[in-house]
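Residues per chain are reported as follows:
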Amino acid sequence: MKRSSLFLFFIIFQVLIIAVPGYSKDKGRRQQKKLERKSRDKYLGLGLGFSYMKVIDNATSPLLYKGLNIPFASLGYFTHSDRIIKTFETDFSYGQLKTRTETPWYDPRNTSYYIAFRYDILYRIKKFEKLSVNWYLGSEINSNSHFRINYKYENSAFNFDNYNGIGIATRLELPFTYKSTQFKFLGLYFKRRDRDLRLSWQLSSPVLSLMIRPTYVTITNFIDPELQTKITSDNTDGGLFVPFNLRSQTELHYKLHNGNMFRLTYIWNYYHHDPGYNKVQSAFHGFYFSLVFRFNK
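Residues numbered from 1 in each chain as written. Predicted model: local features only at pLDDT ≥ 70, side-chain atom pairs only at ≥ 80, totals over all residues. Heavy atoms only, no water.

1. Description of the pattern of salt bridges
Here's step 1: Tallied over the full model, the rule gives 12 salt bridges.
Here's step 2: Linking Arg-148 and Asp-57 is a salt bridge whose minimum nitrogen-to-oxygen distance equals 2.7 Å. Placement of the pair is Arg-148 in strand 5 (residues 133-149) and Asp-57 in strand 1 (residues 41-57), with a sequence separation of 91 residues. With respect to class, Arg-148 is no different from Asp-57; both count as buried. (Salt bridge = Lys/Arg side-chain N within 4 Å of Asp/Glu carboxyl O. Helix = DSSP H or I, 4+ residues; strand = E, 2+ residues; numbered from the N terminus. Buried < 20%, exposed > 50% of the residue type's maximum accessible area, 1.4 Å probe, protein only.)

2. Remarks on the side chain of Arg-198
Here's step 1: On the secondary structure map, Arg-198 appears in strand 9 (residues 195-212).
Here's step 2: The contacts of Arg-198, once residues within four sequence positions are left out, are Phe-78, His-80, Glu-173, Leu-174, Pro-175, Phe-176, Glu-251, Leu-252, His-253, Lys-255 and Met-261. (Contact = heavy atoms within 4.5 Å.)

3. Considering the environment of Glu-251
Here's step 1: Assignment of secondary structure puts Glu-251 in strand 11 (residues 244-255).
Here's step 2: Along the backbone, Glu-251 and Ile-267 are 16 residues apart, and their C-alpha atoms lie at a distance of 8.8 Å.
Here's step 3: Filtering out sequence-adjacent residues up to four positions away, Glu-251 remains in contact with Arg-171, Arg-198, Leu-199, Ser-200, Arg-263, Leu-264 and Thr-265.
Here's step 4: In terms of polar contacts, Glu-251 uses its side chain to reach the side chain of Arg-171, at 3.1 Å.
Here's step 5: At 2.6 Å, the side chain of Glu-251 forms a polar contact with the side chain of Gln-249. (Polar contact = N/O pair within 3.5 Å; in protein donor to acceptor, adjacent residues only side chain to side chain.)

4. Observations regarding the nonpolar core
Here's step 1: Listed in full, the 10 residues of the largest apolar core are Met-53, Val-55, Tyr-65, Phe-72, Leu-97, Tyr-114, Ala-116, Ile-267, Phe-284 and Tyr-288.
Here's step 2: Broken down by secondary-structure element, the contributors of at least two residues to this core are strand 1, strand 2 (61-80), strand 4 (109-128) and strand 13 (280-294).
Here's step 3: If near-sequence neighbours (up to four positions away) are discounted, Met-53 is found in contact with Tyr-65, Lys-66, Gly-67, Asn-69, Leu-97, Ser-112, Tyr-114, His-146, Ser-282, Ala-283 and Phe-284. (Core = buried A, V, L, I, M, F, W, Y, C linked by side-chain atoms within 4.5 Å.)

5. Brief notes about unusual backbone geometry
Here's step 1: For the bond from Ile-70 to Pro-71, the omega torsion is 10 degrees, close enough to zero to count as cis.
Here's step 2: With respect to the element layout, Pro-71 can be found in strand 2.
Here's step 3: Not every positive phi belongs to a glycine, and Phe-241 is a case in point at roughly 55 degrees.
Here's step 4: Examined against the element boundaries, Phe-241 turns out to sit in the loop between strand 10 (236-240) and strand 11.
Here's step 5: Under the relative-accessibility criterion, Phe-241 is labelled partly exposed at 43%.

6. Thoughts on the packing of aromatic side chains
Here's step 1: By the definition in use, this model includes 13 aromatic pairs.
Here's step 2: Each ring, one from Tyr-163 and one from Tyr-271, has its centre 4.3 Å from the other, and the planes form 35 degrees; the classification is tilted. On the criterion of sequence distance, the pair formed by Tyr-163 in strand 6 (residues 158-178) and Tyr-271 in strand 12 (residues 261-273) is long-range, its members being 108 residues apart. Like Tyr-271, Tyr-163 is buried.
Here's step 3: These aromatic residues form a ring-pair network of at least three members: Phe-72, Tyr-114, Phe-284 and Tyr-288. (Phe/Tyr/Trp six-rings, centres within 6.5 Å; stacked < 30°, edge-to-face > 60°.)

7. Details of the pairing of strand 12
Here's step 1: The alternating pattern of strand 12 places Met-261, Arg-263, Thr-265, Ile-267, Asn-269, Tyr-271 and His-273 on a buried face and Phe-262, Leu-264, Tyr-266, Trp-268, Tyr-270 and His-272 on a face that is not buried.
Here's step 2: One ladder, built from 12 bridges, connects strand 11 with strand 12; its direction is antiparallel. Following the sheet pairing, Leu-252 is matched in strand 12 by Leu-264.
Here's step 3: Sheet topology places strand 12 next to strand 13; 13 bridges connect them, and they run antiparallel. Along strand 13, the bridge assignment pairs His-272 with Gln-281.
Here's step 4: Counting the residues between successive antiparallel strands, the hairpin from strand 12 to strand 13 contains 6 residues, one of them, Gly-276, with a positive phi of roughly 105 degrees. (Pairing = 2+ DSSP bridges.)

Shown next, in the form of structure tokens:
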């Protein structure tokens, strides 16, 4: 009797669940979203290349320092689909920056350490059918730090700036292919297979930012004592588009038949901050080649 009652209760419960308006629809939507998340391509990118940087930091010197930095390394994880793109990426660059005032007796140069993090969530808002271009729009969280050491200044050798922001990002993507063909080069015949490629360009800028800088320049092994204990209003600045930062990233993905990719990337990152004293501005150019590994099949 108890088993019959339990069985009857189970049947009635199932019927009521199915009959509840909207339940089956909500369950179907959840299942559809779950399947969509699983179908997104998931990648890990490892990049290596070089960068070129120009910096003016009036807290140390009014001179323009610039130079080629090697290596420039990048590590990133991203998911990609026609509807949504999520990216977490970090960049690191190291090298020497010089100024034109170099003489046989005076050789001013900066040792430069640059590191940046960013996280993007972009949604496709329009597809231009005739051009085969996808347009994405979304938000970005970024953090950028630049440490500089100029040993010639001795007790005023070390300075840095760190700026963090929340802003907007937009991205254009053009997927295209080329067909297999045979061609002759240096008397030899080669066969080129079908390939899928994707060209993209992303532009981002923080809307609300926070910048951290020491109140004065110090020696290399002695940071501003205020920053060693706590960050005060004297060490920070920021607000709407303060400091001003604009970042551009252009990429070309070359897809392999096993799902992995080769990628070429060019980054341009500019920022400017002028509180009326100790102005600092920088232009960063980075170029690297990546191996991109696909996780899901």
